[in-house]
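Below are the chains, spelled out letter by letter.
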Amino acid sequence: MRVLVIDAHPAASTLGERIRREVVDGLTGADHEPTVLELDRLGFRVAMSAEERRRYETDAPIVDPMVAEHAELLRTSRALVVSAPTTIYGLPPLAKGWLERVLVTGVAFSFDPHTNALRPELGHLRWLVGVVTTDAPRWRLRLLGDPARRTITRTLWLTCERKPQRRWHCLANASAASSEDVELFARGAGTVVGDLR
């Protein structure tokens, strides 16, 4: 199965590198075909350009070649894995910017020409997976509604015509985690994605 992995960790993050390695190993070990987009290393621009914003509500909102390439990779993938550290409990700007610039009209949704109702377009996705780290304790995430989890497993899920299965793998209290906890979490990330069927 083709799997698109969006890595929104800073390029210098050793934890991000460790997680990415386990995710790729878990996918390839289960005979999946991962494509990893390391957004920071790619220099992915978070904000829309003025031209992208102007064309956002048109039938041709994509003007950036990198965004077009990422949209095509998403169209040909059966699973989407988002790996990121949370910021203020939600996804970091790199991940949010990717979602906003790539998941546009003609990729994630379209409008019915007769009713103008939104139609989901990500019917090919079988899995949505989040692999995140956060410095917040679990009780605080629950209290705040766990924004990062909600974005991936609920909001993004709604743009999928045939509702995919969802997985969430989160390391809470990451800055206070022991090296053993980090290792268990990283290996667990490989197991979580390796079990996709």
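Per-chain numbering applies: the sequence of each chain, read as written, is numbered from 1 onward. Under the rules for a predicted model, residues below a pLDDT of 70 receive no local features and side-chain atom pairs below 80 are neither given nor counted, while totals for whole chains, interfaces and linings still include all residues. Remark: hydrogens and water are excluded; side-chain values derive from all non-hydrogen atoms of the structure.

*Asks:* Honestly, the pairing of strand S2 (residues 33-38) in this entry has me stumped. Any pointers?
*Replies:* Residues in a regular strand project their side chains so that they alternate between the two faces of the sheet. Here, a strand pair is defined by DSSP locating no fewer than two bridges between the strands. Each helix is a run of DSSP H or I of at least 4 residues and each strand a run of E of at least 2, with the numbering of both proceeding from the N terminus. Relative to S2, strand S1 (residues 2-7) runs parallel, the two sharing 6 bridges. Along S2, the bridge assignment pairs Arg-2 with Glu-33. In this fold, the crossover linking S1 to S2 by way of helix H1 (residues 14-29) has right-handed handedness. For a crossover, the right-handed case is the one in which the path from the first strand over the helix to the second runs clockwise, viewed with the strands pointing away from the viewer.

*Asks:* Just checking my understanding: could you explain helix H4 (residues 65-75) for this structure?
*Replies:* For the α-helix, the turn length of 3.6 residues means that residues three or four positions removed from each other point alike. Among all positions in H4, only Val-67, His-70, Ala-71 and Leu-74 are buried. Buried residues of H4, viewed axially, fall in a sector of 100°; they line one side. Tucked into the core, H4 has its buried residues touching S1, S2, helix H2 (39-42), helix H3 (50-55), strand S3 (79-85) and helix H5 (93-102). In protein, a polar contact means a hydrogen-donor-capable atom and an acceptor-capable atom, both N or O and within 3.5 Å, with residues adjacent in sequence counting only if both atoms are side-chain atoms; elsewhere, any N or O pair within 3.5 Å suffices. The backbone nitrogen of Met-66 lies 2.7 Å from a side-chain oxygen of the residue at the head of H4, namely Asp-64. Exposure categories follow from relative accessible area, calculated using a 1.4 Å probe and restricted to protein chains: below 20% of the type maximum is buried, above 50% is exposed, and the middle band is partly exposed. As used here, the arc belongs to the directions running from the helix axis to the C-beta atoms. Contacts between residues were defined by any pair of non-hydrogen atoms, one from each residue, lying within 4.5 Å.

*Asks:* Can you walk me through the pairing of S1 in this structure?
*Replies:* In terms of residue burial, S1 counts as a mostly covered element, since 5 of its 6 residues are buried. For S1 and S3, the ladder comprises 5 bridges, and the chain directions are parallel. Bridge assignment links Ile-6 to a residue of S3, and that residue is Val-82.

*Asks:* Explain the side chain of Thr-159 to me, please; I cannot follow it from the model alone.
*Replies:* Tracing the chain through its elements places Thr-159 in the loop between helix H7 (147-155) and strand S7 (165-171). Thr-159 sits in the buried class, given a relative accessible area of 18%.

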